[in-house]
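# Structural description and commentary
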Amino acid sequence: MLVDTKARIGVFSIALGAYLPQFPSLVPEFESQYEAFKKMIPDTVELIDGGMVTTKEQSQEAGDKFRAADVDLVIMQLLTYATSYNMLPAVKDLDVPVVLVNIQKLKALDYDNTDIATWLGEGYACGAVGEMVADLERYGKRHAVITGVVEGGDPAVQAEIEDWCRAAQVRRRFRDTNIAQIGRPYPGMMDLYIDESNLYRRMHLYTKQFDWEKMWAIADNITDEEAIRAKAQDILDTFDIEGGGSIEEVWEMAKYVVAFEQWVKDEKLGLIASHYDGYAQGKAGVLDSMLIPAFSMLIKQGTACAVEGDMKVAMAMSILKTISGTGQLAEMYSIDFNDDIAIIGHSGSGDADISDKKPTMKIVKVFHGKTGGGYLTQFYPYTGPVTYLAITQDGDGHFKFIAAEGVNEEGPILSFGDTNMRTRFTCGAREFVNRWSECGPTHHFAAATGRHIDTILKVAKIFNVPVDIVTR
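The model shown is predicted, which means the values in this text are computed figures rather than measured ones.

Cut-offs and rules
- Residues numbered from 1 in each chain as written.
- Predicted model: local features only at pLDDT ≥ 70, side-chain atom pairs only at ≥ 80, totals over all residues.
- Heavy atoms only, no water.
- Helix = DSSP H or I, 4+ residues; strand = E, 2+ residues; numbered from the N terminus.
- Rg over C-alpha atoms; globule rule 2.2 N^0.38 Å.
- Contact = heavy atoms within 4.5 Å.
- Areas by Shrake-Rupley, 256 points an atom, 1.4 Å probe, with all protein chains shown as cover.
- Lys, Arg positive; Asp, Glu negative; His and termini not counted.
- Charge placed at Lys NZ, Arg CZ, Asp CG, Glu CD.
- Core = buried A, V, L, I, M, F, W, Y, C linked by side-chain atoms within 4.5 Å.
- Buried < 20%, exposed > 50% of the residue type's maximum accessible area, 1.4 Å probe, protein only.
- Domains from an automatic or database assignment.
- Phe/Tyr/Trp six-rings, centres within 6.5 Å; stacked < 30°, edge-to-face > 60°.
- 1 Å grid on protein atoms, 1.4 Å probe; cavity = no way out; pocket = protein on both sides within 12 Å on 5 of 7 lines; lining within 4 Å.
- Points joined across faces, edges and corners; volume = space filled by probe spheres on them.
- Nonpolar A, V, L, I, M, F, W, Y, C, P; charged D, E, K, R; others polar.
- Buried area = accessible area lost by both parts, 1.4 Å probe.

## Structural notes on the overall build of the protein
The helix and strand inventory of the protein stands at 15 helices and 19 strands. Taken over C-alpha atoms, the radius of gyration comes to 25 Å for the protein, in line with the 23 Å a tight globule of 472 residues would show. When contacts within the protein are restricted to residue pairs at least 6 apart in sequence, those whose partners lie at least 24 apart make up 77%. Working note: accessible area of the protein is about 19,500 Å², and carbon and sulfur atoms make up 49% of it. On the protein, the mean spot of the 46 positive side-chain charges and the mean spot of the 67 negative ones are 2 Å from each other.

## Re the nonpolar core
Judged by nonpolar contacts, the single largest core of 136 residues is most densely connected at Phe 12, Ile 75, Leu 100, Phe 260, Trp 263, Ile 272 and Phe 401. Mapping this core onto the domain boundaries places at least three of its residues in each of domain 1 (8–174) and domain 2 (177–314 + 328–469). Not counting chain neighbours up to four residues away, the residues in contact with Ile 75 comprise Ile 9, Gly 10, Val 11, Phe 12, Phe 37, Ile 41, Val 99, Val 101, Ile 161 and Cys 165. Core analysis: the second largest hydrophobic core is formed by 19 residues, Ala 390, Met 421, Phe 432 and Cys 439 among them.

## Observations concerning the packing of aromatic side chains
Here a ring pair, both rings aromatic, is described through the centre-centre distance and the interplanar angle of the planes. Within the structure shown, the criterion is met by 16 aromatic pairs. With a centroid separation of 5.7 Å and an interplanar angle of 65°, the aromatic rings of Phe 260 and Trp 263 are classed as edge-to-face. Taken as a pair, Phe 260 and Trp 263 lie in helix α11 (residues 251–267) at a separation of three residues, close to a single helical turn. Take Phe 260 and Trp 263: they sit in the same class, and that class is buried. Through a chain of ring-to-ring contacts, three or more aromatic side chains come together here, namely Tyr 388, Phe 425, Phe 432, Trp 436 and Phe 445.

## A look at empty space enclosed by the protein
Taken as a whole and judged by the stated rule, the model has one cavity of 30 Å³ or more. Its volume calculated, the largest cavity comes out at about 40 Å³. What lines the largest cavity is Leu 78, Leu 79, Thr 80, Asn 102, Tyr 124, Ala 125, Cys 126, Gly 127, Ala 128 and Val 129. Tallied by class, residues from the lining of the largest cavity come to seven nonpolar, three polar and no charged.

## A few points about the domain arrangement of the protein
Looking at the protein, the domain boundaries give domain 1 (8–174) and domain 2 (177–314 + 328–469). Computed from C-alpha atoms alone, the centre-to-centre distance between domain 1 and domain 2 is 40 Å. Every contact between the two is made by 14 residues of domain 1 and, on the other side, 15 residues of domain 2. Both sides of the domain 1 and domain 2 interface together cover about 1,500 Å² of buried area, and 62% of this is carbon and sulfur.

Spelled out as structure tokens, the structure:
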């Protein structure tokens with residue numbers, strides 16, 4: 001990632017304080033279990049430790065820590081039965097989901113040789129979870145439950161915890177970085193228009209606006225020839241250039257990529273949405289001709305770059321890149337009714353990590369629907385499972401996610417410089433287009449290799465937005 005961020009996860013455990021003086025052996029038992037539990041949190045996130053909570057006062061102290069750290073998620077371990085006052089003071093002032101981890105130490109108790117302390121310490125599960133959820137509901141808090149066992153290991157529990165941490169990373173990335181808007185959306189694409197204040201309010205994402213006059217001059221002060229040469233080689237290593245390419249031929253492009261990378265770091269940009277709608281002459285023409293591959297180099301490093309000024313698809317691309325490692329711009333392209341396949345793709349910058357073979361770059365005299373000409377890039381997405389994500393809004397400005405899973409298949413694609421995927425959906429291509437369109441998406445969406453709807457649902461819960469699932 002050009003601008004790296006780490007999700008902050010509030011973690012604590014709870015137990016009923018009344019048990020501890022009655023059964024002193026529970027104290028070291030619970031402390032050991034909590035220490036082991038914290039090791040289940042991946043080191044890709046920052047752990048904010050609220051401690052082992054057995055009183056309301058300790059819960060308040062944990063809540064103070066979580067608020068001060070601006071946590072993106074709270075994960076709570078239920079050690080044994082506890083009343084909800086152990087939990088509520090820690091989370092009542094937070095606007096993030098609470099994940100209740102209900103993991104029992106033993107797979108089963110030795111029924112003939114278990115005393116009360118052993119039952120409470122090593123074999124008590126389920127009893128307090130409903131109580132916790134009931135009070136979270138009454139407090140208007142979002143929640144999730146994970147149930148499992150420690151003995152013998154439980155990969156499903158570990159996977160769920162890691163998935164929640166990946167989802168939380170999206171919130172932190174949106175809070176800690178900014179979205180650049182260069183120019184404005186493509187004229188007349190009113191589905192792309194957005195209220196930047198509402199975006200900041202609901203998705204925590206701040207907009208920095210830039211004029212093209214500034215971008216044309218962005219590379220004027222780039223003089224480090226060693227850095228330019230290294231970036232030129234990176235471009236050649238990333239793309240096969242039609243007719244062959246050399247460092248000298250991509251030198252100007254490399255210079256701009258170096259400048260863009262520094263700009264991204266200086267402005268703390270996690271996302272970029274741009275569209276140029278002028279006369280592509282002089283410096284404007286030079287930059288406009290190479291924006292697609294230049295922004296593709298940024299996507300490769302984790303900065304989502306969307307064409308036509310679409311800030312919502314930039315968010316979708318960033319979400320998929322963050323949770324899955326791939327985030328490709330896409331839209332409905334065509335339907336192959338003979339094969340019942342949806343052809344999905346787009347002209348513009350793309351993600352090299354989604355490509356099964358080396359992407360290609362070619363020069364065209366005319367960009368369709370836009371001024372000027374220049375470089376197009378074509379990526380070749382992997383066959384196998386694929387996930388699509390769109391972000392749209394209702395009339396009151398509330399955001400909504402739209403998601404679908406399908407399978408990319410081998411077969412003929414177009415080859416004039418745009419990325420194409422042949423996607424089969426369980427509901428069929430015709431019905432997919434009907435269902436997807438009825439959800440009211442923008443005409444752009446994002447694509448990622450693999451199946452990710454379960455993680456998208458977690459991201460949506462963290463941001464408190466609804467999800468329409470079209471097909472899986």
